Amino acid sequence: MEIFLILGSIIAPALMIILQRKWFKFRIIFHAAAILSALIFGNITSISIHQIIEDQTVFMTNIHALFLNPLFLLAGAYLGVYLLYTLALHTLNDISHSN
């Protein structure tokens, strides 16, 4: 499983760069998906923390239930891949413009 996660964090951003260079609309799709993921990730987080504060429950124990939410995990995973894609894209653009 660890190999799958490591390879996915390398292959997915590389594939995203290839796709957005071939079809510009993919760049817009990737950005829109990142915005949607950030909204989902942030809203789930804030709602969970608000519920914990409102219920006055033990914070560190109950907040870990957040990691059982598949939508939270999916949104967070996409944001991680998108961050790597964005950093790699900026690096490649800087390299091509420096020559």
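Definitions and cut-offs
Residues numbered from 1 in each chain as written. Predicted model: local features only at pLDDT ≥ 70, side-chain atom pairs only at ≥ 80, totals over all residues. Heavy atoms only, no water. Helix = DSSP H or I, 4+ residues; strand = E, 2+ residues; numbered from the N terminus. Buried < 20%, exposed > 50% of the residue type's maximum accessible area, 1.4 Å probe, protein only. Contact = heavy atoms within 4.5 Å. Axes fitted to C-alpha atoms, helices over the stretch in contact; angles between N-to-C directions. Parallel < 35°, antiparallel > 145°, perpendicular 65-115°, else oblique. Left-handed = near helix turned anticlockwise from the far one by under 90°. Nonpolar A, V, L, I, M, F, W, Y, C, P; charged D, E, K, R; others polar. Core = buried A, V, L, I, M, F, W, Y, C linked by side-chain atoms within 4.5 Å. Phe/Tyr/Trp six-rings, centres within 6.5 Å; stacked < 30°, edge-to-face > 60°.

K.L.:
Could you give an account of the environment of L74, naming the residues involved and the relevant values?
P.N.:
When you line up the elements, L74 lands in helix α4 (residues 70-98). For L74, a relative accessible area of 58% gives the class exposed. Taking the C-alpha atoms as reference points, L74 and F41, 33 residues apart in sequence, are found 8.8 Å from one another.

K.L.:
Please set out the side chain of S37 residue by residue, giving values where relevant.
P.N.:
Assignment of secondary structure puts S37 in helix α2 (residues 25-55). Ignoring anything within four residues of it in the chain, the contact list for S37 reads A75, Y78 and L79.

K.L.:
Hey, could you go over the packing of helix α1 (residues 2-22) against α4 for me, with residue numbers and the actual values?
P.N.:
Here α1 crosses α4 at 60°, and the two axes come no closer than 9 Å. Of the possible angle classes, the one that applies to α1 and α4 is oblique. The crossing of α1 and α4 is right-handed. Residues S9, A12, P13, M16, I17, Q20 and R21 of α1 touch α4, and the partners they reach there are Y78, V81, Y82, L84, Y85, A88, L89, L92 and N93. When the residues that make up the contact of α1 with α4 are grouped by side-chain class, the tally is 12 nonpolar, 3 polar and 1 charged.

K.L.:
I'd love a proper account of the nonpolar core, names of residues and values included.
P.N.:
M16, I17, F30, A34, Y78, V81, Y82, Y85 and L89 form the largest nonpolar core, which has 9 residues in total. Counting residues per element, the ones that place at least two in this core are α1, α2 and α4. When residues in this core are grouped by element, the largest group, 5 residues, is from α4. Leave out the neighbours within four places in its chain, and V81 touches A12, P13 and M16. I44, I63, L66 and F72 belong to the second largest nonpolar core, which has 5 residues in total.

K.L.:
Account for the packing of aromatic side chains, with residues named and values stated.
P.N.:
For the structure on display, the rule yields 7 aromatic pairs. Each ring, one from W23 and one from F26, has its centre 5.9 Å from the other, and the planes form 55°; the classification is tilted. Exposure remark for W23: the relative accessible area of 48% places this residue in the partly exposed category. Taken together, the ring pairs connect W23, F26, F30, Y78, Y82 and Y85 into an aromatic cluster.

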